[in-house]
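Here are the chains, one letter per residue:
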Amino acid sequence: MEIPDFMSHASYFSTTDFLDKISSVAKRAGSKFVYAALILYYTLQSDRVSKRDKALIIGALGYLISPLDVLPDAYPIVGLSDDMAVLIFVLRRVWTSIDPDIQLRAKEKLARWFDEDEMEEAADKLFEED
């Protein structure tokens, strides 16, 4: 799958819209998707991340929130696959900036929507292809 130009969607990002989107798609999207999004969200708040990486994260999270996707989210199963591809692409780019505290914060938030087995699967298989 080709990665879309997600940077053009940066203007869609806001904390409120991000949290609303994640809570509304959590179960449908799956724990791996939500965990990836939460890691990026908390990485964005870190002072250890460069402005360039923060711009990438804002673009990815804006793409996630944007109603203008390559594959609209309304399509069952495949509708979020382009969003996941963007999240994984950016996670791989900024992974060295992600410390264990960020991962812990993401897991704590993830616990609101998923049980322990789903959370372990998300953390263990984050970079595996669906």
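Rules used in this analysis
Residues numbered from 1 in each chain as written. Predicted model: local features only at pLDDT ≥ 70, side-chain atom pairs only at ≥ 80, totals over all residues. Heavy atoms only, no water. Helix = DSSP H or I, 4+ residues; strand = E, 2+ residues; numbered from the N terminus. Buried < 20%, exposed > 50% of the residue type's maximum accessible area, 1.4 Å probe, protein only. Contact = heavy atoms within 4.5 Å. Salt bridge = Lys/Arg side-chain N within 4 Å of Asp/Glu carboxyl O. Polar contact = N/O pair within 3.5 Å; in protein donor to acceptor, adjacent residues only side chain to side chain. Core = buried A, V, L, I, M, F, W, Y, C linked by side-chain atoms within 4.5 Å. Axes fitted to C-alpha atoms, helices over the stretch in contact; angles between N-to-C directions. Parallel < 35°, antiparallel > 145°, perpendicular 65-115°, else oblique. Left-handed = near helix turned anticlockwise from the far one by under 90°. Nonpolar A, V, L, I, M, F, W, Y, C, P; charged D, E, K, R; others polar. Expected span 1.5 Å × (residues − 1).

Colleague: Just to check I follow, could you spell out the overall build of the protein chain for this structure?
Modeller: When helices and strands are tallied, the protein chain shows six helices and zero strands. For the protein chain, the N- to C-terminal ordering of α and β elements is α-α-α-α-α-α. Buried residues in the protein chain amount to 48% of all 130 residues. Within the protein chain, counting contacts between residues at least 6 apart in sequence, those at least 24 apart form 75% of the total.

Colleague: What's the story with the pattern of salt bridges in this structure? I'm lost.
Modeller: Pairing between side chains of opposite charge can happen when their charged atoms approach one another. In total, this model carries two salt bridges according to the counting rule given. Of the charged contacts in the structure, one is a salt bridge between Arg 48 and Asp 99, with a shortest N-O distance of 3.2 Å. Taken together, the residues span a long stretch of sequence, with Arg 48 in the loop between helix H2 (31-44) and helix H3 (51-65) and Asp 99 in the loop between helix H4 (81-94) and helix H5 (100-110) at a distance of 51 residues. Where Asp 53 meets Arg 52, a salt bridge forms, and the shortest distance between an N and an O atom there is 3.6 Å.

Colleague: Hey, could you run me through the side chain of Asp 99 in this one?
Modeller: Residue Asp 99 is classed as buried on the basis of its relative accessible area of 18%. A polar atom in the side chain of Asp 99 sits 3.2 Å from the side chain of Arg 48.

Colleague: Honestly, the nonpolar core in this entry has me stumped. Any pointers?
Modeller: Soluble globular proteins tend to pack their nonpolar side chains together in the buried interior. Counting 40 residues, the largest nonpolar core has Phe 18, Phe 33, Val 34, Leu 40 and Leu 61 as its most contacted members. Where this core is concerned, the elements lending two or more residues are helix H1 (15-29), H2, H3, H4, H5 and helix H6 (116-124). Ranked by residue count, the leading element in this core is H2, at 11 residues. Not counting residues within four places of it along the chain, the set of residues in contact with Phe 18 comprises Phe 13, Ala 37, Leu 38, Tyr 41, Leu 61, Leu 64 and Ile 65.

Colleague: I keep staring at the packing of H2 against H5 and nothing clicks. Help me out?
Modeller: Helix packing geometry: the angle between the two helix axes and the distance between the axes. At a closest axis distance of 9 Å, the pairing of H2 and H5 adopts a crossing angle of 130 degrees. Between H2 and H5, the angle falls in the class oblique. Viewed along their axes, H2 and H5 form a crossing whose handedness is right-handed. On the side of H2, the interface is formed by Ser 31, Val 34, Tyr 35, Leu 38, Ile 39, Tyr 42 and Thr 43, while H5 contributes Ile 102, Gln 103, Arg 105, Ala 106, Lys 107, Lys 109 and Leu 110. Residues that form the contact of H2 with H5 fall into these classes: eight nonpolar, three polar and three charged.

Colleague: In this structure, what is going on with H2? I would like to understand it.
Modeller: Side chains of residues three or four places apart in an α-helix project in the same direction, reflecting 3.6 residues per turn. Relative to the 20 Å expected for 14 residues at 1.5 Å per residue, H2 spans 20 Å between its end C-alpha atoms, a close match to the ideal helical length. Burial analysis of H2 places 14 of its 14 residues in the buried class, the great majority of the element.

Colleague: So what exactly am I meant to see when it comes to the environment of Phe 18 here?
Modeller: Position of Phe 18 relative to the elements: it lies in helix H1. For the pair Phe 18 and Gly 62, spaced 44 residues apart in the sequence, the C-alpha separation amounts to 8.0 Å.

Colleague: Help me understand the environment of Ile 58 in this model?
Modeller: Tracing the sequence through the fold places Ile 58 in helix H3. Distance from Ile 58 to Tyr 12, taken between C-alpha atoms, is 8.7 Å for residues 46 residues apart in sequence. The contact partners of Ile 58, leaving out residues within four places of it in the chain, are Ala 10, Phe 13 and Leu 44.

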